[in-house]
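# Overview (structure and organization)
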Amino acid sequence: MNALAAKRRHPATLAVVLFLGLLVTGGVYTLFAPKTAGATAVAAETVDAGHKLFLANCATCHGVNAQGTKDGPSLIGVGAAGVDFQVSSGRMPMLSPNVQAPRTEPIKYSEEEVAAMAGYVASLAPGPAIPGEKYTNGSIGDAAKGGEIYRVNCAMCHNYAGSGGALTRGKYAPSLTASDVTGQRIYEAMLTGPQSMPVFNDMNVSPQEKADVIAFIDHLQTQPSEGGMNLGNMGPVPEGLFVWIFGLGSLILCAVWLGQKAA
Amino acid sequence: MNDNGHLVPAPDAAVAPVSGDDRFQDPGLPPHVHRLADTDPRAAKRAERQVVALFALSAIATILFLVFYFAIDPESTVFVPFMGAVKAMNLALGVTSAACLFFIGIGAVHWAKTLMPDAEVAEERHELRSSDADRAKAVGLLQDGAQSAQLDRRPMLKVAAGGALSLFALPFVVQIVGSLGKKQPKGVIDELKSTIWDIPKTGPNANKAIRLVRDPVLTPIKAEEVTIGSVFHVLPETIKESEHVLEDKGKAAVLMMRLNPTDLKVQKAKDWGYEGIVAYSKICTHVGCPVGLYEQVTHHLLCPCHQSTFDITNDCEVIFGPAKRPLPQLKITVDDEGYLVAPQGFTEAVGPSFWSRS
Amino acid sequence: MTSTASSKTAANLRTTDQVAAGRPVAPSGPIGGVASWVDERTGLAKGGTFLMKKVFPDHWSFMLGEIAMYSMIICLLSGTFLTFWFIPSGGLVHYNGSFLPLQGIEMSEAYRSTLDISFDIRGGLLIRQIHHWAALVFVVAIVVHMMRVFFTGAFRKPREINWVIGCVLSMLALIEGFAGYSLPDDLLSGTGLRAAEGFMESVPILGSYVSYLAFGGPFPGEAIIPRLFIAHVLLIPALLVGLFTAHIILVMVHKHTQYPGPGRTNNNVVGFPLMPVYTAKAGGFFFIVFGLVTAFSALVTINPIWAYGPYDPSPVTAGSQPDWYMGFADGALRLLPGFLEFDLFNKTWSFNVMIGAVLLIPIVYGVAGAYPFFEKWVTGDNREHHLLDRPRNAPVRTAIGAAATAAYLVLFFAAGNDIMAIKLNLSINDITNLMRVLFFVLPVVVFWSTKRICLALQHRDRDKVLHGRESGYNYMTPDGAFHGVHEPLDELERWTLVQHETLLPSELGTGVDAHGVANPSKPSPRRARWSRFYFKDTLPAPTPAQLEQAAKDAHHGHGDVPAIDRSHSTH
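Everything numeric here is computed off the predicted structure, so don't read it as measured data.

Counting secondary structure elements, chain B contains nine helices and 14 strands. Radius of gyration (C-alpha) of chain B: 38 Å, far over the 21 Å computed for a compact globule of 358 residues. If one aligns the C-alpha atoms of chain B with their principal axes, the spans along those axes are about 100 × 80 × 50 Å. Out of the 358 residues in chain B, the part that is buried amounts to 44%. Sequence-distant contacts, at least 24 apart, represent 54% of the contacts inside chain B between residues at least 6 apart. For chain B, the exposed area adds up to about 18,200 Å²; of that, 61% sits on carbon and sulfur atoms. Taken as two groups, the 36 positive and 41 negative side-chain charges of chain B have centres that lie 4 Å from each other.

This part takes up the packing of helix α12 (residues 327–335) of chain C against helix α14 (residues 395–414) of chain C. Residues and elements named next belong to chain C. Axis separation between α12 and α14 bottoms out at 6 Å; the angle between their running directions is 75°. The orientation of α12 with respect to α14, classified from their angle, is roughly perpendicular. Residues G327, F328, G331, A332, R334 and L335 of α12 touch α14, and the partners they reach there are Y408, V410, L411, F412 and A414. A class-by-class count of the residues in the contact of α12 with α14 yields eight nonpolar, two polar and one charged.

Right, let's get into the interface of chain B and chain C. It is common to report an interface's size as the accessible area lost on association of the parts. At the junction of the two partners, chain B supplies 100 residues and chain C supplies 134 residues. Carbon and sulfur atoms make up 62% of the surface buried where chain B meets chain C, a total of about 9,800 Å² over both sides. It is F24, R125 and W355 of chain B in chain B that bury the most area against chain C; as a group they hold 11% of the surface buried on that side. At the junction of chain B and chain C, the tally comes to five salt bridges. The interface formed by chain B and chain C includes 35 residue pairs in polar contact (both at pLDDT 80 or more). It is helix α3 (residues 88–114) of chain B that contributes the most residues to the side of chain B that touches chain C, 17 residues altogether. When its residues are assigned to classes, the side of chain B that touches chain C shows 58 nonpolar, 18 polar and 24 charged. Judged from the four bridges that link them, strand β3 (residues 121–124) of chain B and strand β4 (residues 268–273) of chain C form a sheet pairing that is antiparallel.

This part covers the pattern of salt bridges. Under the counting rule described, the total for this entry stands at 42 salt bridges over all chains. E237 of chain B is paired through a salt bridge with K240 of chain B; the nearest N and O atoms lie 3.8 Å apart. When its relative accessible area of 25% is taken as the criterion, E237 of chain B is described as partly exposed. Among the residues examined, K240 of chain B registers a relative accessible area of 45% and is labelled partly exposed. Put simply, R334 of chain C and D330 of chain C hold a salt bridge, and the shortest N to O gap is 3.1 Å.

Formed by 198 residues in total, the largest nonpolar core has its most connected members in M257 and L301 of chain B together with F285 of chain C. Beyond its immediate chain neighbours, meaning those up to four positions away, M257 of chain B contacts S230, V231, G276, I277, V278, Y280, Y294, L301 and I312 of chain B.

Turning our eyes to something else, we now look at the sheet that holds strand β11 (residues 317–320) of chain B. Residues and elements named next belong to chain B. The sheet built from four strands is open, its strands ordered β8-β9-β10-β11 with antiparallel pairing. Either end of the sheet is taken by a strand with one partner, and the two such strands are β8 (293–295) and β11. If you compare each strand with its neighbour and ignore which way they point, the axes differ by 30° on average. Two strands pair when backbone bridges link them, and strand β10 (residues 309–311) and β11 are joined in this way by three bridges, in the antiparallel orientation.

Here the focus is the side chain of D381 of chain C. In this structure, D381 of chain C sits in the loop between α13 (351–379) and α14. A polar side-chain atom of D381 of chain C sits 2.7 Å from a polar atom in the side chain of H385 of chain C.

Inspection of the entire model under this criterion finds 47 aromatic pairs over all chains. The interplanar angle of 80° and the centroid separation of 5.3 Å between the aromatic rings of W244 of chain A and W324 of chain C together place this pair among those described as edge-to-face. Here W244 of chain A is found in helix α12 (residues 236–259), whereas its partner W324 of chain C is found in the loop between α11 (305–308) and α12 on a different chain. On the accessibility criterion, W244 of chain A (27% relative accessible area) is partly exposed. Seen from their ring centres, Y70 of chain C and F286 of chain C are 5.3 Å apart, and the 75° between their planes marks the pair as edge-to-face. You can see Y70 of chain C sitting in helix α3 (residues 64–85) and its partner F286 of chain C sitting in helix α10 (residues 274–299), a full 216 residues away along the chain. Accessibility assignment for this pair places Y70 of chain C and F286 of chain C in one class, buried. Counting every residue linked through ring pairs, the aromatic cluster contains F150, F151, F155, W163, Y371, F374, W377, F447, W530, F533, Y534 and F535 of chain C.

A word on the confidence of the model for chain B. Caution is warranted with low-pLDDT regions, since their predicted coordinates should not be read in detail. For chain B, per-residue confidence averages 90 on the pLDDT scale, and 93% of positions sit at 70 or higher. Segment residues 1–19 of chain B: pLDDT under 50, and 36 contacts once partners within four positions in sequence are set aside and those in other chains are kept.

Residues and elements named next belong to chain C. The share of residues in chain C with pLDDT of 70 or more is 89%, and the mean pLDDT across the chain is 89. Note that pLDDT drops below 50 for residues 1–10; the model gives that stretch 13 contacts with residues more than four away or on any other chain. If you check the scores for this complex, the pTM reads 0.89 and the ipTM reads 0.90.

In this section: the packing of helix α6 (residues 160–182) of chain C against helix α7 (residues 187–201) of chain C. A packed helix pair is summarised by two numbers, namely the angle formed by the two axes and the spacing between the axes. Residue and element names in this part refer to chain C. Look at α6 against α7: their axes get within 8 Å of each other, and the N-to-C directions meet at 125°. Regarding the angle of α6 to α7, the classification is oblique. Where α6 abuts α7, its residues F178, Y181 and S182 lie against S189, G192, L193 and A196. For the contact of α6 with α7, the class distribution of residues is four nonpolar, three polar and no charged.

The next subject is the state of the cysteines. Residue and element names in this part refer to chain B. In the structure shown here, the tally under the stated rule is one disulfide over all chains. Each disulfide pairs two cysteine sulfurs, and for C289 the partner residue is C305, the sulfurs being separated by 2.1 Å. Its torsion about the S-S bond being -95°, the disulfide of C289 and C305 is classed as left-handed. Taken together, the positions of C289 in the loop between β7 (277–281) and β8 and C305 in the loop between β9 (300–302) and β10 put the pair 16 residues apart, joining distant regions of the chain. The pair formed by C289 and C305 is uniform in burial state, with each residue classed as buried.

For the bond from M92 of chain A to P93 of chain A, the omega torsion is -5°, close enough to zero to count as cis. Note on placement: P93 of chain A falls in the loop between α5 (79–88) and α6 (111–124). Here the bond from F219 of chain C into P220 of chain C is cis, since omega is -5°, no more than 30 degrees from zero. Following the sequence through the fold, P220 of chain C ends up in the loop between α8 (207–215) and α9 (224–254). Its identity as a non-glycine residue notwithstanding, F82 of chain B has a phi of 75°, on the positive side. The topology assignment puts F82 of chain B in the loop between β1 (77–80) and β2 (84–87).

This brings us to the interface of chain A and chain C. Listed as interface residues are 50 residues of chain A and, on the opposing side, 60 residues of chain C. Summing both partners gives a buried area of about 4,500 Å² for chain A against chain C, and 73% of it is carried by carbon and sulfur. Area buried by chain A at its contact with chain C is led by R151, L251 and L258 of chain A, which between them contribute 15% of it. On inspection of chain A and its partner chain C, the count reaches zero salt bridges. Here the side of chain A that touches chain C gets 19 residues from one element, more than from any other, and that element is α12 of chain A. Per-class residue counts for the side of chain A that touches chain C are 28 nonpolar, 17 polar and five charged.

This part covers the sheet that holds strand β6 (residues 254–258) of chain B. Sheet architecture is open: seven strands sit in the order β12-β7-β6-β5-β4-β14-β13 (chain B), paired in antiparallel fashion. Edge strands, defined here as strands with exactly one partner in the open sheet, are β12 (329–330) and β13 (333–334) of chain B.

With that settled, consider helix α8 (residues 143–153) of chain A. An α-helix turns once per 3.6 residues; consequently, residues spaced three or four apart project the same way. By the criterion of burial, α8 of chain A is predominantly enclosed, with nine of the eleven residues buried. Close packing links the buried residues of α8 of chain A with α9 (155–158) and α11 (207–222) of chain A, β5 (231–236) of chain B together with α7 and α11 of chain C. One side-chain oxygen at the N-terminal end of α8 of chain A lies 2.9 Å from the backbone nitrogen of A144 of chain A; it belongs to D142 of chain A.

Below, the discussion takes up the pairing of strand β6 (residues 347–350) of chain C. Residue and element names in this part refer to chain C. Of the two faces of β6, only the one carrying T348 and S350 is buried; K347 and W349 on the other face are not. Relative to β6, strand β5 (residues 341–344) runs antiparallel, the two being bridged by four bridges. Residue pairing in the sheet places F342 in a bridge with W349 of β6. Between β5 and β6, which pair antiparallel in sequence order, lie two residues; one of them, F345, sits at a positive phi of approximately 55°.

What counts and what doesn't
- Residues numbered from 1 in each chain as written.
- Chains lettered and ligands numbered in written order.
- Predicted model: local features only at pLDDT ≥ 70, side-chain atom pairs only at ≥ 80, totals over all residues.
- Heavy atoms only, no water.
- Helix = DSSP H or I, 4+ residues; strand = E, 2+ residues; numbered from the N terminus.
- Rg over C-alpha atoms; globule rule 2.2 N^0.38 Å.
- Buried < 20%, exposed > 50% of the residue type's maximum accessible area, 1.4 Å probe, protein only.
- Contact = heavy atoms within 4.5 Å.
- Areas by Shrake-Rupley, 256 points an atom, 1.4 Å probe, with all protein chains shown as cover.
- Lys, Arg positive; Asp, Glu negative; His and termini not counted.
- Charge placed at Lys NZ, Arg CZ, Asp CG, Glu CD.
- Axes fitted to C-alpha atoms, helices over the stretch in contact; angles between N-to-C directions.
- Parallel < 35°, antiparallel > 145°, perpendicular 65-115°, else oblique.
- Nonpolar A, V, L, I, M, F, W, Y, C, P; charged D, E, K, R; others polar.
- Buried area = accessible area lost by both parts, 1.4 Å probe.
- Salt bridge = Lys/Arg side-chain N within 4 Å of Asp/Glu carboxyl O.
- Polar contact = N/O pair within 3.5 Å; in protein donor to acceptor, adjacent residues only side chain to side chain.
- Pairing = 2+ DSSP bridges.
- Core = buried A, V, L, I, M, F, W, Y, C linked by side-chain atoms within 4.5 Å.
- Phe/Tyr/Trp six-rings, centres within 6.5 Å; stacked < 30°, edge-to-face > 60°.
- pLDDT = per-residue confidence, 0-100.
- Disulfide = S-S within 2.5 Å.

Here you go:
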């Protein structure tokens, strides 16, 4: 027996092996654990890296094999587009159980990490792919046509100006006017039908039509407010509130001043 | 009302006794307090200057309005804090005209408050009731007039005049009411119960199932394009030849969704669908708004007007809100090219309830 | 009456002025010349002096009706401009104006002309916004004015007719507004018209025919826009102008009411004369209202129809509400449950729609319009009333008004249940169910608490009269107790708190009331019950004897109270 073999049988061997095992596991975890946006990313763009991220961040609710549990639906078939949408908008992972996962900022992952997770889920089963720039940057879209499609398919939930709307039991369709509602995320949302939103696949709303819708939403995000403050673009309700509070208030102030005796 | 024309309690009013000496007496108008401008000529001059300045501000605002009207490009926008980018023309014209009006008002009121007399004046009231003499005169004139017109002696005059007068408005009413609507009464109910999904029995399209097309682009839909979780806003292909597009859309708009067939709990709903694809009228059975909101996970349809909620898994039964009847289902199948078609129209009237609906 | 005129010209002679017998007064200056010319042809001098001498009391709450009147005038002026450019046609055209996101889209002529006003006519958007903001202010002012009139009892004799006219004006204002915002035929207001068609269909027997009559056939048709246009620019404004002229004439005939105070009795009206003070103040206030409405129109967008899109029966927007004044009816429709619709004898009875959409407005205005007559029946009070009630002195009337307001507000906020849900992160289902309960519970709670608050305020007034106002000074008696020093009210302050008369419940059928006063008309048991409901908690006004007694008690209870001497006080 050589010296190494003798050391292997040292009584402290077990303790040392365990310690080393912990170091390795802890080290790998540290390397691959969620970082703040500013931290340097070390993960490689591989399905494997994505798998590890998935296990660390998603498997608790979505199952070790993404098959789904009572806390989260199956992710088999949601495709890279689904993961890219949910994770890059900060909706996933959900911090706590709720009727709906809200958009959050800042997100915990770098672009490469998101891509890795998307790649892993996409590898599980065929699903919608991340759309190309051509359709998502809105440049080839016709905002007028997009408006027509938007009003038939989207305005009933998201409101005529994209200010968002209520669904049942506390769910809601979020507002679309923030600048981080990018063309890519709009496309992916239509494609994958996140949460309560239905699926608007490319056979229902073609890629060109989606580009039209993106151009229209772009207009909603950048349009000037033609007549003054737009009070949130929620229709007659804020207008009524304004007239009762500021309208009547200012008129009554003037009436009171009118009736007061001068100094 | 006593002789002085002053008001006293009527005998049948339930009023607490006013035993004259045990109530406080009215102390009369408070003593007049002079304003600065009344006593101090410098204050009066100052007030005058202020009023003049306010009117001058209004005039300046008017001039600015005229300048902006011609000088500003109607397309230009300007960024204002708290308001964002707004149309410059609206802001400029609005602010200047508002100032022009407002300062006239403030100037006039300030003038009244500081320089016009502010001693309170009391004007006496008089009872509204005419004196008994005046009343008697009026009644007398009326009675004399009726008598001299021989109304009391010749009652037929009254009856005939009354009859003619009570009828004279009828032609106007009948003319207006008769010309406002277009259809015979029976036609109205029949038309309310029909939609352009009904398969015609005669003509070039007789007995042909109607293809479903997408709203608003009007292209036909293949069954495999409808994936689980999808919602399609659908119209009949015949809308393309319609001469009354909006009127037909108002009854023919349909919503089509694909669910897992095991989620559909009612057999008839499954049979009238195609492999989990089901089509329902989009016109709410409450007051007719489009029921556009499809919640993909719960399979509920929500109407945004009054929040009626329909459960697709249960044949669109109402589960919340003021609607009563479920949305009517449209039976669909596929044709030999794989496009979705409706082999029959709706079997009940779509949209809001009406008296003769059944 | 003080006069600021220094020269006596024909224009400012008063009828009581002495004029040298037989000699006509020579006109002086250009105004005198014109006035003389007119007077020789119309005899207006007498009527003119009558009007110019009229006295109006000064209180800000009396300006609320003026706000309504001025807003209506602003609507007439801005509306006239809009009629030069608006095309009231439902015919379909394609858009070719400067607003790019609607380029080439098919829409009605009405919608396209409204877009042209907003984008392609200088100042057009401003005028449209002035028109719509003024319309909202109009109805706000009407509602607040009605509430002022109600809570101060200004609807009592002789003003019952004016109250009824006012209720009709208020209802017409609602309909006028609805017709007006439906004219541009945009998605939001068109959805409202669709709902209106559903309302008509819910009427038993006639409903479907009424709907075909109104729309000239199936919905939407091309007749509704031109018909709404005529209703909105001709028929209803004619009724509004006619009725509000009658309303103002009655105010002039009755003279304005006034708040109680020293020198103000039921037989006079204290204030300022029309010439010059009220001309300046009321005229100036018109410009103030116009200026403020224009300011809103410069700074805040209203009814952005270009964003809603043209009307089509297929799309709809989240957050579909009518303008605020129709909110209570919309809220009622959201709260009414579906089981109120049923089939009987093969006919459909849609009470879930009928109650909120067809019956609610007539019932609300009917009840409001009838209230003065109901209150008169309860009190049996047939006298003229020109002094207003302080609301606390009529606790049950005030409580009824507050409870009605609470019920109205529940319905009003129910119309915004989806906006509340998304802004406050709540569930619309929970909000709706809560409001269904609140509609019945809240008015009862509000009635009771308002009545209690009024009675408490009456007690506080009584306290102030009998014991004076708390001055904030304290003193210590030799035995170590602290007492607050109360400053007695002077007789001017005191008068407002003691001038009100107290009404007692009328007795049941004995022919004589509790104080032995003969009561020839015996009240029916029902009327007696209502009378008790209104007046059983009456707190009579303090009397001089009670004040004396209170002063005596104060001396006995607190020993020598250092009196507050006003002439030496530092405040």
